[in-house]
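Examining the three-dimensional arrangement
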Amino acid sequence: MGNSGVSPAGIDVSALLAKFQSDKDTKQNGQSQSTRPASTAPSLLQRHPMVLGSLSRTLQTLTLTKLSFENKKIFANAVKEIHTKWRPKGFPLLRLEKFQDEVNLDTVSNSKEWLAAVMEKEYNPNILERAQEMVEKGDEKEREKGQENLEWMQNVNNVLALPLTDEFWTHNELVFLHGDCMIPNFLFARDEENGKWRVSGVLDLGDSGYGDRRYDVGAALWSVGHYVKEHCGEKDAKQGGVDAEEFFLKEYGIERDEKDLFMDVYELYDFYSSEE
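What counts and how
Residues numbered from 1 in each chain as written. Predicted model: local features only at pLDDT ≥ 70, side-chain atom pairs only at ≥ 80, totals over all residues. Heavy atoms only, no water. Helix = DSSP H or I, 4+ residues; strand = E, 2+ residues; numbered from the N terminus. Expected span 1.5 Å × (residues − 1). Buried < 20%, exposed > 50% of the residue type's maximum accessible area, 1.4 Å probe, protein only. Polar contact = N/O pair within 3.5 Å; in protein donor to acceptor, adjacent residues only side chain to side chain. Phe/Tyr/Trp six-rings, centres within 6.5 Å; stacked < 30°, edge-to-face > 60°. Core = buried A, V, L, I, M, F, W, Y, C linked by side-chain atoms within 4.5 Å. Contact = heavy atoms within 4.5 Å. pLDDT = per-residue confidence, 0-100. Salt bridge = Lys/Arg side-chain N within 4 Å of Asp/Glu carboxyl O.

**Structural notes on helix α5 (residues 140–160)**
Its 21 residues give α5 an end-to-end C-alpha distance of 31 Å, which sits within 8% of 30 Å, the value for a rise of 1.5 Å per residue. Of all the positions in α5, only G146, Q147, E148, N149, L150, W152, M153, Q154, V156, N157, V159 and L160 are classed as buried. For α5, the N-terminal cap is D139; the gap from its side-chain oxygen to the backbone nitrogen of K141 is 3.2 Å.

**Digging into the packing of aromatic side chains**
Within this structure, the stated rule accounts for eight aromatic pairs. Taking the centre distance of 6.4 Å and the plane angle of 15° together, the rings of F248 and Y252 count as stacked. Of the two residues, F248 and Y252 both sit in helix α8 (residues 244–252), four residues apart, roughly one turn of that helix. The buried category is assigned to F248, whose relative accessible area is 0%. Here Y252 falls in the buried class, since its relative accessible area comes to 3%. An aromatic cluster of three or more residues is present, and its members are F75, F186, F248 and Y252.

**Side note on the nonpolar core**
What tends to happen in soluble globular proteins is that the nonpolar side chains get buried as a cluster. F75, W114, L115, Y123, F186, Y215 and F248 are the most contacted members of the largest nonpolar core, which has 67 residues in total. Setting aside residues up to four positions removed in sequence, Y215 forms contacts with L94, R95, W114, L177, G179, F262, V265, Y266 and Y269.

**Observations concerning the confidence of the model for the protein**
Scored by pLDDT, the protein comes out at a mean of 74, with 66% of its residues at no less than 70. At the low end of the mean pLDDT range in the protein sits helix α2 (residues 57–64), at 43; at the high end sits strand β1 (residues 175–177), at 97. pLDDT under 50 marks residues 1–66. Its contacts with residues more than four places away, or in other chains, come to 112 contacts.

**Description of the pattern of salt bridges**
This structure, assessed with the given rule, holds five salt bridges. Between E148 and K145 there is a salt bridge, and its shortest N-O distance comes to 3.7 Å. Taken together, the residues span about one helical turn, with E148 and K145 both in helix α5 at a distance of three residues. A relative accessible area of 25% means that K145 is categorised as partly exposed. Between E173 and R213 there is a salt bridge; the shortest N-O distance is 2.3 Å. Here E173, found in the loop between α5 and β1, pairs with R213, found in helix α6 (residues 213–232); they are 40 residues apart in sequence, far enough to count as distant. For R213, a relative accessible area of 13% puts it in the buried group.

Dropping the structure here:
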């Protein structure tokens, strides 16, 4: 893939964006936050290193009200632990479950190859034509949504054009991903002895698999920004001049510019999974 913006499907994404850019106003803050896809796979239950189960949305919401900055630190470290210590067997490459015979852990060796396979097998054939049609024939809302997805596709194409030696791919190892790395999928419990909160369980691994850690990080950042502000208020979303998202990134140990692209990849899956 080159910087021309032409996808493997033969659609000139750059030209489409240039053609319709004048129709799109600058996005307002907080606009177009997508609903996250829910897992359709059955729940799993096992001990160490995963603690899985099910919990009502009401109880999850009650748990979210306890998320202090210390809990955000715990959340960040729990996500990092999943990526660095969990290597469960029997899980496919994330988003490539249908193509295990040709793309799997034996044929894909790094995160760039994983992302390229996701684009080739799932996103290019299932998103580009639909987004193009929305931009060309849809109403104002559909045109904006279609153009937004074309922008995300171009962002991914541009990164895939970078050589594996580029700084962006410094940490290119495949890791185990939660797949829907949101705060409600992590259970928090208070230690009876010291009163401190800890992650006591992880829910909904039906969408889990191997890929690039930044996919989970992008979803986790959206979750931190959204749920903390919604359930804890603006005051808790920023303490000591530190934004909640920046706090998460610092605790995890990853740069912010590495997050934006992989939130795009998550959003593309949301678009791909939704009904037309």
